[in-house]
Amino acid sequence: MAEIKLDATVRTEFGKGAARRTRRANLVPGVVYGHGAESVHINLPGHELQLALRTANVLIGLQIDGKDALVIPKAVQRNAIKGNIEHVDLLTVKRGEKVEVEIAVHVEGDLAPGGNLLEYVQNTLLVEAEATHIPESVTVSIAGLDAGDSILAKDIPLPKGSVLAGDEDAVVLQVVAAQVEEAPAEEAPAEA
């Protein structure tokens, strides 16, 4: 995964009014924490951050007032109506360090014939991977699965360097039979 570079400035104003002024200037307030260091409150460029966060678990190289920091997004708060980023929490990581992240689960193949439905019990999988080699997603084959079949977390092949961090017996995908609504039975005409 490529590292994305962003410049940030240390935030000196706090509170609702200061956050609104920051957002009007097309900046996003955020906080950087981790490794026992004191939290650093920052402002990030809004558009560049929006582009960077299109990739899940993106590795960001921050330049904060002349100091470098390697971070990954931990929490992103968005405006419910506009979808703009309102605040971001960033976790400091080191090269070679293992981190726990959620990665997307994608499927390939076709279910067995018969009108079965695939149910995603979990859309993501919790894995532990090196901070600089976080996989974007995992792909699972559902070819030939029939009603009643399920795929557990331990059955999903993970990319090299990743290990499962969550419950290995958790159901990720399951196949259910389509429910068919029965037509109402016709009633015999009543004799007069």
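The structure under discussion appears in the preceding block.
Reading guide: rules and limits
Residues numbered from 1 in each chain as written. Predicted model: local features only at pLDDT ≥ 70, side-chain atom pairs only at ≥ 80, totals over all residues. Heavy atoms only, no water. Pairing = 2+ DSSP bridges. Helix = DSSP H or I, 4+ residues; strand = E, 2+ residues; numbered from the N terminus. Core = buried A, V, L, I, M, F, W, Y, C linked by side-chain atoms within 4.5 Å. Buried < 20%, exposed > 50% of the residue type's maximum accessible area, 1.4 Å probe, protein only. Arc of directions from axis to C-beta. Contact = heavy atoms within 4.5 Å.

*Asks:* Got a sec to walk through the sheet that holds strand E12 (residues 163-164)? Specific residues and values, please.
*Replies:* Ordered in space as E10-E7-E9-E12, the four strands form an open sheet in which the pairing is mixed. The open sheet terminates on both sides in strands that have one partner only, identified here as strand E10 (137-141) and E12. Summarising the sheet, strand E9 (residues 124-130) and E12 pair through two bridges and their orientation is antiparallel. Residue pairing in the sheet places Val127 in a bridge with Leu164 of E12.

*Asks:* Summarise the nonpolar core; cite the residues concerned and give the values.
*Replies:* For soluble globular proteins, the rule of thumb is that nonpolar side chains tend to be buried together. Judged by nonpolar contacts, the single largest core of 23 residues is most densely connected at Ile72 and Leu125. Those elements that place two or more of their residues in this core are strand E5 (67-78), strand E7 (98-108), E9, E10 and strand E13 (171-177). The dominant element in this core, judged by the number of residues it contributes, is E7, at four residues.

*Asks:* Which residues make up helix H1 (residues 16-24), and what are the values?
*Replies:* Counting along an α-helix, one turn takes 3.6 residues, and residues three or four places apart therefore face a common direction. Within H1, the full set of buried residues consists of Ala18, Ala19 and Thr22. Angular distribution of buried residues about the axis of H1 spans 100 degrees; they occupy a single face of the element. Facing away from the buried side of H1, by more than 90 degrees, are the exposed residues Lys16 and Arg24. As for H1, its buried residues are in contact with strand E2 (27-34) and strand E3 (37-45). Backbone geometry just downstream of H1 places Asn26 in the positive-phi region, at approximately 60 degrees.

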